[in-house]
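Descriptive structure summary
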Amino acid sequence: MTETKKFNCITCPRGCELTVTLQDGKFQSVTGNFCPNGAKYAEQEVTAPMRMLTGTVKLTGAGLPLLPVVSTAELPKDKILLAAAELRKITVAAPVKYGDIIIHNILGLGVDMIASCDFACIK
Ligand code: SF4
């Protein structure tokens, strides 16, 4: 059975509208992509969609309540909500430096969550 799916490429701000053709649930082709990155994204999106995770964790001792964090690589899209729930369990104490590992190997997926900015202690 042939089917088509339409969605926008989220790889860059151009946001090309992609049309993907699947045959028996398997990727066949894509149109609408301005560049090869869109083709790569389209195939991944219909087979094993991935997303970067950004969020915040609680922060103490810095005068601000939250520390921005980001994943070091993309996570499976179907694990994003579970991973975000892990962020809500964490409290970090200042000082924190950009790149500090806040959660190592989140959900056992081989990806770390790191601080995305510096926070000094406020005394
Ligand atoms: S297909 Fe290429 S140009 Fe279009 S949104 Fe994706 S990355 Fe950007």
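Residues numbered from 1 in each chain as written. Predicted model: local features only at pLDDT ≥ 70, side-chain atom pairs only at ≥ 80, totals over all residues.

What to know about the overall build of the chain
- On a plain count of helices and strands, the chain comes out with 2 helices and 10 strands.
- Mapped in sequence order, the helices and strands of the chain form the string β-β-β-α-β-β-β-β-α-β-β-β.
- Taken over C-alpha atoms, the radius of gyration comes to 19 Å for the chain, far larger than the 14 Å a tight globule of 123 residues would show.
- Each of the three principal axes of the chain carries a C-alpha extent, and together these read 65 × 30 × 20 Å.
- A burial count over the chain gives 20% of its 123 residues as buried.
- Taking contacts inside the chain between residues at least 6 apart in sequence as the whole, the part at least 24 apart equals 45%. (Helix = DSSP H or I, 4+ residues; strand = E, 2+ residues; numbered from the N terminus. Rg over C-alpha atoms; globule rule 2.2 N^0.38 Å. Buried ≥ 20, exposed ≤ 12 C-beta atoms within 10 Å, placed from the backbone. Contact = placed C-beta atoms within 7 Å.)

Topic: the domain arrangement of the chain
- Partitioning the chain into domains gives domain 1 (2-47) and domain 2 (54-115).
- In this structure, domain 1 and domain 2 have C-alpha centres spaced 30 Å apart. (Domains from an automatic or database assignment.)

Regarding the sheet that holds strand β6 (residues 66-71)
- Pairing in this open sheet of 5 strands is mixed, and the strands run β8-β5-β6-β10-β9 from one edge to the other. The open sheet has two edge strands, β8 (91-93) and β9 (101-103), and neither has a second partner. Strand-to-strand twist of the sheet, defined as the mean angle between neighbouring strand axes without regard to direction, takes the value 45°.
- Alignment of strand β5 (residues 54-60) against β6, held across 5 bridges, turns out to be antiparallel. Considered in β6, the bridge of G55 is made with V69. (Pairing = 2+ DSSP bridges. Axes fitted to C-alpha atoms, helices over the stretch in contact; angles between N-to-C directions.)

With respect to the environment of P95
- Looking at the element boundaries, P95 is found in the loop between β8 and β9.
- By C-beta crowding, P95 is classed as partly exposed, having 13 other C-beta atoms within 10 Å.
- Put simply, P95 and C121 are 26 residues apart on the chain and 5.0 Å apart in space, counted from C-alpha to C-alpha.
- Residues in contact with P95, not counting those within four places in the same chain, are F119, A120 and C121.

With respect to helix α1 (residues 36-47)
- Taking 1.5 Å of rise per residue, 12 residues should cover 16 Å, and α1 covers 17 Å from first to last C-alpha, within 8% of that figure.
- Those residues of α1 that sit buried are G38, Y41 and A42. For α1, the arc enclosing every buried residue in end-on projection is 100°, short of the 170-degree limit, so these residues lie on one face. Turned more than 90 degrees off the buried face of α1, the exposed positions are P36 and T47.
- Where the residues of α1 are buried, they touch β2 (17-23) and β3 (26-31). (Expected span 1.5 Å × (residues − 1). Arc of directions from axis to C-beta.)

A word on the sheet that holds β3
- The sheet built from 3 strands is open, its strands ordered β1-β2-β3 with antiparallel pairing. Among the strands making up the open sheet, the edge pair consists of β1 (2-8) and β3. Taking the axes of each pair of neighbouring strands and ignoring which way they run, one obtains an average angle of 25° across the sheet.
- Sheet analysis places β2 next to β3, joined by 5 bridges and oriented antiparallel. Looking at the pairing, Q23 lines up with K26 of β3.

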